[in-house]
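As a plain string of letters, each chain reads:
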Amino acid sequence: MAGRPGDEDEADSGTVVTPSAEFPPLDPEELGTLRRIGDRWRADQPGELPIDPTLGRQGERPTPTRFGRLAPIAMFRREQPDELVATEPANLPGTRFGRALTRLRRAVFGPPLSSAAVLYERMRKLVALPVLSSDLLSSVAYGPEAMLAVLVLAGSAALGLSLPLAAALVVLMIAVGVSYRQTIHAYPHGAGSYIVAGDNLGTAAGLTAAAGLILDYVLTVAVSVAAGVHAVTSALPGLAPFAVPLGVLVIAVLLAANLRGVRTAGNIFVLPTYAFVVALLALLAVGYLRVTGRGFTPVPPPAVPAAEGLGLLLVLRAFASGAVSMTGIEAVSNAVPAFRPPEWRNARTTLGWMVAMLVLLFAALTLLIHLAGLVPTTEETLLSQLARVTFPTGPWYGLIQAATALILLLAANTAFNGFPRLLFFMARAGHAPRRFLHMGDRLAFSHGLVALAATAALVFVAFGGYTEGLIPLYAVGVFLAFTLSQAGMVVHWRRRRGAGWRGRLAVNAVGATLSGLVLVTAAVAKFTEGAWVVVIAVPLLVFLFHRVHRHYRNLHAALALHPPPVAPVAAGPAEGEELPQQVRHLVVVPMARLNRASLRALAYAVSLGQPTLAVHIAPEEAEADRFREQWRAWGDHVRLETIVSPYRAVIGPLAHYLEALHDTGPELVLTVIVPEVVLRRSWHRPLHSRTEQRLRRALRPLPGVVVTSVPVHLRE
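Parameters at a glance
- Residues numbered from 1 in each chain as written.
- Predicted model: local features only at pLDDT ≥ 70, side-chain atom pairs only at ≥ 80, totals over all residues.
- Heavy atoms only, no water.
- Helix = DSSP H or I, 4+ residues; strand = E, 2+ residues; numbered from the N terminus.
- Buried < 20%, exposed > 50% of the residue type's maximum accessible area, 1.4 Å probe, protein only.
- Contact = heavy atoms within 4.5 Å.
- Areas by Shrake-Rupley, 256 points an atom, 1.4 Å probe, with all protein chains shown as cover.
- Phe/Tyr/Trp six-rings, centres within 6.5 Å; stacked < 30°, edge-to-face > 60°.
- Expected span 1.5 Å × (residues − 1).
- Pairing = 2+ DSSP bridges.
- Axes fitted to C-alpha atoms, helices over the stretch in contact; angles between N-to-C directions.
- 1 Å grid on protein atoms, 1.4 Å probe; cavity = no way out; pocket = protein on both sides within 12 Å on 5 of 7 lines; lining within 4 Å.
- Points joined across faces, edges and corners; volume = space filled by probe spheres on them.
- Nonpolar A, V, L, I, M, F, W, Y, C, P; charged D, E, K, R; others polar.
- Right-handed = clockwise from strand over helix to strand, strands pointing away.
- Core = buried A, V, L, I, M, F, W, Y, C linked by side-chain atoms within 4.5 Å.
- Polar contact = N/O pair within 3.5 Å; in protein donor to acceptor, adjacent residues only side chain to side chain.
- Parallel < 35°, antiparallel > 145°, perpendicular 65-115°, else oblique.
- Left-handed = near helix turned anticlockwise from the far one by under 90°.
- Bend = angle between axes of the 7 residues up to and from the residue.
- Salt bridge = Lys/Arg side-chain N within 4 Å of Asp/Glu carboxyl O.

(A) Spatial organisation of the overall build of the protein chain. The number of helices and strands found in the protein chain is 23 helices and 7 strands. Looking at the 716 residues of the protein chain, the share that counts as buried comes to 49%. The long-range fraction of contacts in the protein chain, counting pairs at least 24 apart against all pairs at least 6 apart in sequence, stands at 79%. Roughly 34,500 Å² of accessible area belongs to the protein chain as shown, and the carbon and sulfur atoms make up 63% of that amount.

(B) Structural context of the packing of aromatic side chains. The tally for this structure, following the rule as stated, stands at 7 aromatic pairs. Ring plane angle 90° and centroid distance 6.4 Å describe the contact between Tyr217 and Phe419, whose orientation is recorded as edge-to-face. Of this pair, Tyr217 sits in helix H7 (residues 203-235) while Phe419 sits in helix H15 (residues 413-428), and the two are 202 residues apart along the sequence. A relative accessible area of 4% means that Tyr217 is categorised as buried.

(C) A look at helix H19 (residues 527-559). Taking 1.5 Å as the rise per residue, H19 with 33 residues should run 48 Å; its terminal C-alpha atoms sit 46 Å apart, in good agreement. Those residues of H19 lying buried are Gly530, Ala531, Val534, Ala537, Val538, Leu541, Val542, Phe545, Val548 and Tyr552.

(D) Broad picture of the sheet that holds strand S3 (residues 584-590). With parallel pairing, 5 strands are arranged side by side in an open sheet as S5-S4-S3-S6-S7. The open sheet has two edge strands, strand S5 (639-644) and strand S7 (705-713), and neither has a second partner. The mean inter-strand angle of the sheet, taken between neighbouring strand axes irrespective of direction, is 25°. In this structure, S3 lies alongside strand S6 (residues 668-678), joined through 5 bridges in parallel fashion.

(E) Representation of empty space enclosed by the protein within the structure. Taken as a whole, this structure holds 2 cavities of 30 Å³ or more when the rule is applied. Taken as a whole, the largest cavity encloses approximately 80 Å³ of empty space. In terms of lining, the largest cavity is formed by 14 residues, of which the most central are Asp216, Tyr217, Gly328, Glu330 and Ala331. Elements represented by at least two residues in the lining of the largest cavity include exactly H7, H15 and helix H17 (467-496). The residue makeup of the lining of the largest cavity, split by class, is 7 nonpolar, 4 polar and 3 charged. In this structure, the second largest cavity encloses a volume near 40 Å³. Taken together, Val140, Ala141, Pro144, Glu145, Leu365, Ile369, Leu382 and Leu383 make up the lining of the second largest cavity. Elements represented by at least two residues in the lining of the second largest cavity include exactly helix H4 (143-151), helix H12 (343-372) and helix H13 (382-390). Residue composition of the lining of the second largest cavity, grouped by class: 7 nonpolar, no polar and 1 charged.

(F) Geometry of the pairing of S5. Strand direction decides the pairing type here: strand S4 (residues 612-618) and S5, joined by 6 bridges, are parallel. Bridged to Val615 within S5 is Glu641. In this fold, S4 hands off to helix H21 (residues 621-634), which returns the chain to S5; that crossover is right-handed.

(G) Quick look at the nonpolar core. The biggest cluster of nonpolar side chains holds 152 residues, and the ones touching the most others in it are Val221, Val225, Phe416, Met426 and Phe479. The dominant element in this core, judged by the number of residues it contributes, is H7, at 17 residues. If sequence neighbours within four positions are ignored, Val225 has contacts with Gly247, Val250, Ile251, Leu254, Leu408, Leu409 and Phe460. In terms of nonpolar packing, the next biggest core, distinct from the first, is built from 20 residues, Leu586, Leu613, Ile617 and Leu654 among them.

(H) Just the side chain of Ser162, in detail. Among the secondary structure elements, Ser162 is positioned in helix H5 (residues 162-186). Only 2.9 Å separates the side chain of Ser162 from the backbone oxygen of Leu159, close enough to count as a polar contact.

(I) Spatial organisation of the packing of helix H3 (residues 125-138) against H12. Interhelical geometry of H3 versus H12 gives an angle of 45° and a closest axis separation of 10 Å. If you check the angle between H3 and H12, you find them oblique. H12 is crossed by H3, and the crossing has right-handed handedness. Residues Lys125, Ala128, Leu129, Leu132, Ser133, Leu136 and Leu137 of H3 touch H12, and the partners they reach there are Asn346, Thr349, Thr350, Trp353, Met354, Met357, Leu358 and Leu361. Among the residues making up the contact of H3 with H12, the classes are represented as 10 nonpolar, 4 polar and 1 charged.

(J) Quick peek at H3. The end-to-end C-alpha distance of H3, which contains 14 residues, comes to 19 Å, matching closely the 20 Å that a straight helix rising 1.5 Å per residue would cover. Leu132 marks where H3 bends most, by close to 45°. In terms of residue burial, H3 counts as a mostly covered element, since 12 of its 14 residues are buried. Among all positions in H3, only Val127, Ala128, Leu129, Pro130, Val131, Leu132, Ser133, Ser134, Asp135, Leu136, Leu137 and Ser138 are buried.

(K) Main features of the packing of H7 against helix H16 (residues 446-462). Across the interface, H7 lies against H16 with an axial gap of 8 Å and an inter-helix angle of 55°. Accordingly, the angle class assigned to the pair H7 and H16 is oblique. Helix-helix and strand crossings are classified by hand; for H7 and H16 the assignment is right-handed. Residue-level contacts link Tyr217, Val218, Leu219, Val221, Ala222, Val225 and Ala226 of H7 to Leu452, Thr455, Ala456, Val459 and Phe460 of H16.

(L) Structural detail: the pattern of salt bridges. Under the definition given, this model contains 4 salt bridges. For Glu380, the salt bridge identified is with Arg388, shortest N-O distance 2.5 Å. By relative accessible area, Glu380 is classed as buried at 17%.

(M) Here's a closer look at the side chain of Ser133. Of note, Ser133 is situated in helix H3. With relative accessibility at 0%, the residue Ser133 sits in the buried group. Within the structure, Ser133 has its side chain in polar contact with the backbone oxygen of Leu129 (distance 2.3 Å). Excluding residues within four positions of it along the chain, Ser133 makes contact with Ala128, Ser138, Thr273, Met354 and Thr414.

In structure tokens:
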């Protein structure tokens, strides 16, 4: 991986994304404790195992089993003297239904990828540009309209303010874009607002930025899909009643495409993004040719009565609404590890292209809409109106609308790239569930992708696919993350103080200031329009992250290794044993009746060579006497304790009895061995009470109790 550019040469490998992140290594202190425990470890075991665990002495081909009935397939291969490697057939389930589901999943998502393939699941710049810029570039389809929709509230005369506001937004775009280029320079292995803010401003700031980004990503999917569906219904009004089901279907398709893997999903989204850019450039070229023909004279907009007075608050609301055109700028800094080497250089080049295209398209579209005298309406998008005016005849209008609808629907893919990576970094630090560290069959963060799709679908349905209702929630989360990230970079440069640090600090300071102004403006001006939801949601999410982290901190403390005692080893407290000589056993075997299953469990228990106790729960004295007679007929080889349960309950009395045993001897490890009949057919399960499973659930909360089962497979 490329080193840090400039004067920063410290390693930042902590942000590298690998499948091994689920299994963090021990730190030096833990490793030292482990060595001391090993020095005291005593295990009396024979030198040779009864079988060869290397599978190297197998003289003939493996015979078919229920895990591979069709052909004798070797499930493992040896690549190193002390290491087996599971082959692909070893991942197949043992049931026919399970194998059918596996084949269906692989047909939809593709065959599984090896962990080594993570190095090849990278994107080149020409693929990364459309994948990571789809959200940013598509926002020009609704960003200018969002700004004009606020201005028109003051009447058609106020639409002239769109040009100075657009100029201010262009300055903001350039400032934030250059600021994020600085971020990539400082964090060449990838870092979004969460890492940058947390690294430089503290954990609270990092979690606040993460909360803003999570809301941003969810709303990116909801807004993009809503805008795309609106573009479709603008061209095909007959589909308007089906807007919500269409949007949910699009989210499901996006999820399926991203579950196929980063590179495969990237190849899917290349053509639509470039088609949209080409269509938009063609629209602008023809539109400006027409405007040039009439001497750049603006067409007067239709008269629109004023619903509000033109004031500073309305202008600020319009500015904040137009600023949603910048959503997606951060995507590149988050996804630096997804680029081919040199990662940081390719990422920074891609970001430069993205910002240049955004500025060009946004400014040119806003000016052309102004010159065409167009006004936002609820029936048709501004881009659709502009395409109709520019191409009154021919197929070009339909092509532009198709390209626009496609890019808007697929713009959510940027969030599908960023959201799972954000949760990965948070989970690695213990602020999100650890399942988000896991890479699926296709080396995609499957859990994060599913969480994003489900949440975005709920938001989309809740708002009925209404774009204007979602945008007020959008800007606050986006610019909260922008502000904290750039403020964190200011602190970063002050700490590093390398060559040229003052200039870099100034760039990030400008980006932080402008982003902060938009954040405050959006929060205040759009508070009553729905921004209050984000203002409340952010601290709630931060609180949730802290609770998750506290749970993992307590879990780590409970599972941490402790140095062994120097004094002679004694039995430890419940679940506190780390040395074999500290463990004292009592094996308990619940006996419902004397049959092959219960006797097999009893034989297994006695074979362990530990003190063993059998327990029988009887509903009445007569049944207890009968069971004791059967026990004596068997030979009374093991101590039996019978408990009469006059209320006919089984699980409760047995669990409380075991708890009382443990209270009597807290130094003992109670091993409860449960006989279990394994049924081959699922429809047989309702025919059995499954007492062993209920007992396992009841005993699980008891400390110092180990529950294991001895299966007896029914051959029916």
